[in-house]
Amino acid sequence: MKYDFAVIGAGPAGYVAAKKAASAGLKVVMIEKKKLGGVCLNEGCVPSKTLLQAAKTYHHAKHGSIFGVEAGSLSFDFGKAHAHKNSVMDRMRDGIAGLMKKHKVEVIEGEAKLLKGSSFSVNGETHEAENILLCTGSSPSIPPIPGIEAEHIVDSTGILNIDTLPKNLVIVGGGVIGCEFACVYASVGVPVTVLEAMPEICPNLDSEIAAILRKELEKKGVTFQLGAKVESFEGKSVRYNLQGETKDMDADLVLVATGRRPNVAGLGLEDIGLDFDPRGGVKVDNRGATNLPGLWAAGDVTGQAWLAHAASRMGEVVVNNIKGQKDQMRHDTMPAVVYTSPEVAVVGLTKEEAIERGMKVKTGKIPMAINARYIAENPGEEGMCKVVLEAETNRLIGVHMVGGACSEMIFGATAMLETELREEEIAEIVFPHPTTSEIMKDVFMAVR
Amino acid sequence: MPRQGQSVESCILTEWKVKPGDTVAEGDVLAVIETDKASFDLESTASGTVLELFWAADDDVPVLANVIAIGEEGENIDDLRPQGAGATAPPEPVANSTPDAPTANASTVQQTIAPSQADSSTSSYKPSSGVSPRARKKAMNLGVDAETLVGTGPGGRVIERDIDAFLAGTPRLSASARIRAKEQGLEAPVRGSGIAGMALASDMRQPGSIEGAEVEPVKGIRKLIAERMMQSLQGTAQLTLHSSFDLTNCQAYRKKRLADGESKVSINDLIAQAILAALKVHPEMNAHFLGDRLAVFHEVNLGIAVDSPRGLMVPVVQEASKMSIEMLSSEIKKKAIACREGTIQPDDLSGGTFTLTNLGMLGVENFTPVLNPPEIAILGVGGISLKPKRSADGEVSFVDQISLSLTIDHQAIDGAPAARFLQTLVTHLENHPGENPQIIEGEE
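Scanning chain A from N- to C-terminus turns up 13 helices and 22 strands. Scored against the burial criterion, the 448 residues of chain A give a buried share of 47%. Counted over contacts in chain A with a minimum sequence separation of 6, partners at least 24 positions apart contribute 67%.

Below, the structure is given as structure tokens:
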């Protein structure tokens with residue numbers, strides 16, 4: 001068959017691009033070897049957020065006494081939480097299938113292999129497409145630690161299929177994924193230990209924000225071992241090195257959350273002469289174009305961002321460019337969220353990143369505790385809002401928040417960054433009272 | 001009506017600043033004129049009394065047509081009236097007077113003007129803003145309310161390009177981009193890199209920049225070269241004649257010099273020396289064409305085109321005709337080095353009577369050199385190529401040849417004498433390379 005546009009991978013980059021291209025009148029095919037929705041829907045965002053909500057609900061019930069709510073006999077059925085998770089996933093997958101049908105996107109189940117000259121094969125048949133979008137996502141990256149093959153040691157995909165609570169959980173890696181699972185299990189009473197090799201968790205975050213998150217998770221019962229390097233697994237024992245000292249601890253369940261790597265194997269990419277970047281992702285420019293004409297890439301396979309919404313946007317940018325409409329990625333205004341309790345939400349540059357780029361900056365920060373709505377709803381929980389401004393122009397270039405459900409207001413900061421608003425303009429925006437979002441207005445009082 | 005650019009055939013006279021009876025001095029502003037790209041002041045080139053305005057405001061005036069008569073009261077100005085203009089235009093002429101003009105050329109005046117590349121940077125008109133007639137007409141045709149636009153013409157006047165820009169859709173500016181535009185006088189691209197094409201602060205650029213290109217002002221030696229080249233191609237009648245010569249004897253001569261322990265000379269030196277020899281025979285080629293006079297020089301001051309880091313330079317070997325091949329060779333080398341090192345004296349860059357330019361070492365086979373006016377001839381030298389040659393007994397063999405291209409100013413000299421000069425040059429190079437011109441003179 002000959003198509004206008006072929007999408008390889010049905011994750012958030014793929015199905016968004018497929019729908020957009022089909023709405024524009026292109027003849028579109030989408031190939032998926034596993035399930036529609038990609039890592040986001042099947043192994044990432046959606047299932048983990050369902051479990052986080054289950055844990056949060058339990059936590060609220062258990063700690064409702066400050067509001068006068070006492071739950072007598074409280075229990076947690078992890079199996080039920082998983083059943084809810086599975087039903088959400090089924091519903092979302094059906095949604096995507098319906099969307100593809102509605103927009104007349106042909107969906108082929110199978111493994112695609114790219115061939116030279118804008119063609120590809122799937123299920124033994126060869127097809128052609130004027131443009132091909134490669135969005136095969138990523139997989140958990142497993143470090144070569146002796147004994148890591150043991151059955152009780154799982155990655156972020158594996159842990160989502162375990163519907164019983166372990167006696168204790170050891171998480172290797174204190175990044176976003178590690179912190180989210182630490183929050184799930186600690187909230188429902190499972191002792192959790194996080195072994196992080198760096199001096200602070202979530203090294204990509206502003207260090208002050210990361211420290212607040214760590215303290216809040218510690219309050220929930222998570223133990224963090226910073227600067228801890230795992231050396232081996234023997235039986236149920238985990239051996240790690242903590243500042244030169246060898247330590248052992250027993251683990252009923254181990255989650256390895258040491259990052260992800262782009263899915264680039266088995267696609268015939270080397271044979272067609274595709275360029276890769278030094279981190280192993282498919283090399284693309286800011287439009288998503290690879291070095292081969294007509295071949296584009298979006299999402300985790302490029303090794304950029306590792307975020308579902310970034311992947312969707314990259315898919316959109318590719319389709320716009322194919323349609324002849326100029327569009328480009330703006331990674332500097334890409335928001336990112338850690339869905340722990342409390343949540344972390346950030347967009348733009350940290351102070352250190354800005355200085356590294358040779359910018360002169362001003363910063364301001366205030367605790368969430370000055371906000372009436374915040375302390376009413378999140379008693380005893382620490383939070384912070386921090387802004388970074390370009391000193392000469394007062395242009396807002398970074399917003400970093402930890403506290404409550406701040407993920408729901410980061411889009412406002414994103415809009416401010418996208419339109420390059422300055423302190424002067426933001427001062428005229430009205431924020432409804434009482435909302436936690438007012439923190440975004442008040443923080444400017446602290447700018448210096 | 002001065003010419004405002006290469007492709008501008010007419011200008012709209014948008015506003016008169018004087019009326020008949022006014023006294024004007026040289027340099028006074030007479031009127032405002034406009035191309036499709038910019039407005040200009042029309043300045044007086046004479047002093048006196050305004051006797052008559054030949055065109056009405058808003059008239060489309062062909063370039064080089066007379067627009068006004070300035071002189072002394074009572075002078076007869078009938079001969080000055082341009083064809084196409086109202087023959088006796090009253091002081092308050094009716095608009096669009098041209099269709100009434102009963103002349104053969106009226107149609108050329110009415111013709112629509114094609115968009116041009118007119119220079120828009122020299123606008124000097126300041127006071128009134130408003131909308132230009134050309135812009136107003138276009139706006140009305142296209143349903144644009146020109147009054148609501150912010151113009152980029154003098155004093156914020158809305159001109160045709162503003163209507164074009166409006167229709168093309170100018171990008172929205174981010175808050176920070178707007179501040180930069182205001183404070184630093186920067187300009188937004190047609191489409192910015194921000195959300196839905198919004199222009200961001202980092203997109204703002206100096207007016208006149210071009211997307212995807214580094215834009216630099218043309219100045220210094222580049223500007224000079226540009227002016228000279230246009231002068232040359234516009235002001236002379238260039239004709240190029242091509243020939244080539246057999247290199248065999250030149251190579252043999254050079255080899256012999258080395259064998260005899262003499263200084264090394266290049267092929268280029270031999271060609272320079274051959275030019276001097278040929279000019280002895282054809283002195284009419286060693287001349288300057290000065291419009292109404294032709295100056296034929298006694299001595300040859302030979303210009304040598306040099307590729308310097310700052311651009312093309314043409315140092316002159318003064319009185320080259322008096323030099324031996326050794327001296328000529330050393331002088332050429334010295335001048336070229338001085339150009340490349342930037343130590344050349346200004347006096348060494350002028351006074352040439354004939355120029356030699358060589359692109360052979362860059363693999364060029366043939367090219368048409370551009371005259372260095374007022375000189376009337378320039379010789380271009382190409383690279384070495386293998387060509388078949390038939391000897392006197394009919395045998396065909398391959399020999400190394402170099403192509404020669406002689407550009408002449410046909411105003412000053414005809415093709416046949418130039419061809420004869422070229423013939424002499426080739427003969428000299430093929431038979432007497434490196435030999436003193438006096439010897440050849442003696443032979444002939």
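A word on the overall build of chain B. Helices and strands together make up the secondary structure of chain B, namely ten helices and 17 strands. Every one of the 444 residues in chain B was classed for burial, and the buried ones make up 35%.

Each partner contributes residues to the interface: chain A has ten residues there, and chain B has twelve residues. Its residues assigned to classes, the side of chain A that touches chain B comprises one nonpolar, three polar and six charged.

What follows covers helix 2 (residues 133–142) of chain B. Residue and element names in this part refer to chain B. Among all positions in helix 2, only P133, R134, A135, K138 and A139 are buried. For helix 2, the secondary structure elements touched by its buried residues are strand 1 (10–16), strand 3 (29–34) and helix 3 (160–168). Within two residues after helix 2, G143 carries a phi angle of roughly 75°, on the positive side.

Residues and elements named next belong to chain B. If you check which residues of helix 3 are buried, you get E160, D162 and I163. The buried side chains of helix 3 occupy one side of the element, clustering within an arc of 165° when seen end-on. Contacts from the buried residues of helix 3 go to helix 2.

Our next topic: the sheet that holds strand 13 (residues 237–242) of chain A. Residues and elements named next belong to chain A. In spatial order, the strands read 12-13-14; together these three strands make up an open sheet with antiparallel pairing. Among the strands making up the open sheet, the edge pair consists of strand 12 (228–234) and strand 14 (245–250). Here the average twist between neighbouring strands, direction ignored, is 25°. The sheet contact formed by strand 12 and strand 13 spans six bridges and is antiparallel.

What follows is about the environment of P283 of chain B. Residue and element names in this part refer to chain B. Positionally, P283 belongs in the loop between helix 7 (267–281) and strand 9 (287–289). The class for P283 is partly exposed, based on 15 C-beta atoms found within 10 Å. Counting along the chain gives 15 residues from P283 to H298, while the straight-line C-alpha distance between them is 7.8 Å.

Before going further, it helps to spend a moment on the nonpolar core. All names here are of chain A. Counting 80 residues, the largest nonpolar core has I171, A182, L213, V254 and L255 as the members making the most contacts within it. Non-local contacts of I171, meaning those with residues more than four positions away in its chain, are made with G178, F181, A182, V192, V194, L255 and A257. Core analysis: the next-biggest nonpolar cluster, separate from the first, contains 55 residues, V105, L269, V282 and L295 among them.

This part is about the pairing of strand 10 (residues 192–196) of chain A. Residue and element names in this part refer to chain A. Burial analysis of strand 10 places five of its five residues in the buried class, the great majority of the element. Here strand 10 shows two buried faces, one formed by V192, V194 and E196 and the other by T193 and L195. The sheet contact formed by strand 9 (residues 169–172) and strand 10 spans four bridges and is parallel. Across the sheet, V170 pairs through a bridge with T193, a residue of strand 10. One crossover worth recording links strand 9 to the parallel strand 10 by way of helix 6 (residues 176–187), and it is right-handed. The pairing of strand 10 with strand 11 (residues 222–226) spans five bridges and is classified as parallel. Paired with E196 across the strands is L226, a residue of strand 11. The parallel pair strand 10 and strand 11, bridged by helix 7 (residues 207–219), forms a crossover whose chirality is right-handed.

In this section: the confidence of the model for chain B. Regions with low pLDDT should not have their predicted coordinates read in detail. Residues and elements named next belong to chain B. Summarising the model, chain B shows a mean pLDDT of 82, and 85% of its residues fall at 70 or more. Below pLDDT 50 for its whole length, residues 86–128 participates in 78 contacts with residues either more than four positions away or in separate chains. pLDDT under 50 marks residues 439–444. Its contacts with residues more than four places away, or in other chains, come to six contacts. Model confidence for the complex: the whole-complex pTM is 0.64, and ipTM, which rates the interface, is 0.75.

Here we come to the sheet that holds strand 11 (residues 302–304) of chain B. Residue and element names in this part refer to chain B. If you walk across this open sheet you meet the six strands as 8-17-16-15-11-14, and the pairing is mixed. The strands lining the two open edges of the sheet, one partner per strand, are strand 8 (238–246) and strand 14 (316–317). Bridge analysis of strand 11 against strand 15 (residues 354–358) gives three bridges, and the strand direction is parallel. Following the sheet pairing, L302 is matched in strand 15 by F354.

Analysis parameters
Residues numbered from 1 in each chain as written. Chains lettered and ligands numbered in written order. Predicted model: local features only at pLDDT ≥ 70, side-chain atom pairs only at ≥ 80, totals over all residues. Helix = DSSP H or I, 4+ residues; strand = E, 2+ residues; numbered from the N terminus. Buried ≥ 20, exposed ≤ 12 C-beta atoms within 10 Å, placed from the backbone. Contact = placed C-beta atoms within 7 Å. Nonpolar A, V, L, I, M, F, W, Y, C, P; charged D, E, K, R; others polar. Arc of directions from axis to C-beta. Pairing = 2+ DSSP bridges. Axes fitted to C-alpha atoms, helices over the stretch in contact; angles between N-to-C directions. Core = buried A, V, L, I, M, F, W, Y, C linked by C-beta atoms within 7 Å. Right-handed = clockwise from strand over helix to strand, strands pointing away. pLDDT = per-residue confidence, 0-100.

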